[in-house]
Amino acid sequence: MSDISAFPEPKVIEKTIRNLRSVSYQLDALTMNLDELIAMVEEDIRRNPVNTYRREKMQQVLK
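Criteria and thresholds
- Residues numbered from 1 in each chain as written.
- Predicted model: local features only at pLDDT ≥ 70, side-chain atom pairs only at ≥ 80, totals over all residues.
- Heavy atoms only, no water.
- Helix = DSSP H or I, 4+ residues; strand = E, 2+ residues; numbered from the N terminus.
- Rg over C-alpha atoms; globule rule 2.2 N^0.38 Å.
- Buried < 20%, exposed > 50% of the residue type's maximum accessible area, 1.4 Å probe, protein only.
- Areas by Shrake-Rupley, 256 points an atom, 1.4 Å probe, with all protein chains shown as cover.
- Lys, Arg positive; Asp, Glu negative; His and termini not counted.
- Charge placed at Lys NZ, Arg CZ, Asp CG, Glu CD.
- Salt bridge = Lys/Arg side-chain N within 4 Å of Asp/Glu carboxyl O.
- Patch = residues over 30% accessible without salt bridge, like charges linked within 9 Å, V, L, I, M, F, W, Y side chains within 5 Å.

Chemist: Which residues make up the overall build of the protein chain, and what are the values?
Modeler: When you go through the protein chain residue by residue, the secondary structure sums to two helices and zero strands. Against the compact-globule benchmark of 11 Å for 63 residues, the protein chain has a radius of gyration of 26 Å, which places it well outside the compact range. With respect to the three principal axes, the spread of C-alpha positions in the protein chain is 80 × 20 × 15 Å. Counting all 63 residues of the protein chain, 0% fall into the buried class. Of the accessible surface of the protein chain, which amounts to about 6,400 Å², a share of 61% is contributed by carbon and sulfur atoms. Of the charged side chains in the protein chain, 10 are positive and 10 negative, and the gap between their average positions amounts to 8 Å.

Here it is, written out as structure tokens:
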């Protein structure tokens, strides 16, 4: 019977860890880009004339 529970070679483990770190950094960079894009879209929505009009109307109603 073969030994199935054997650990992989240390070099294989190191390579896997390097690859996982690289992917993690890439995902972090993509997340930051997505956050910036979301902020830009939200700012666009806030500056939209229709939303500005509605916001002003609501402020008048609340007074």
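Chemist: Can you break down the pattern of salt bridges residue by residue, with the values?
Modeler: For the structure on display, the rule yields two salt bridges. With a shortest N-O distance of 2.9 Å, Glu43 and Arg46 are connected by a salt bridge. Of this pair, Glu43 and Arg46 both sit in helix 1 (residues 10-47), three residues apart, roughly one helical turn. On the basis of relative accessibility, which here comes to 43%, the residue Arg46 falls in the partly exposed class. The residue Glu43 makes a salt bridge to Arg47 at a minimum N-O spacing of 2.7 Å. In this pair, Glu43 and Arg47 both sit in helix 1, four residues apart, roughly one turn of the helix. The class for Glu43 is partly exposed, based on a relative accessible area of 28%. Connected through salt bridges with shared partners, the residues Glu43, Arg46 and Arg47 form a single ionic network.

Chemist: Would you mind going over a nonpolar patch on the surface in detail, with residue names and values included?
Modeler: Together, Leu34, Leu37, Ile38, Met40, Val41 and Ile45 make up an exposed nonpolar region whose accessible area comes to about 560 Å². As for its placement among the helices and strands, Leu37 is situated in helix 1. We classify Leu37 as partly exposed; its relative accessible area is 45%.

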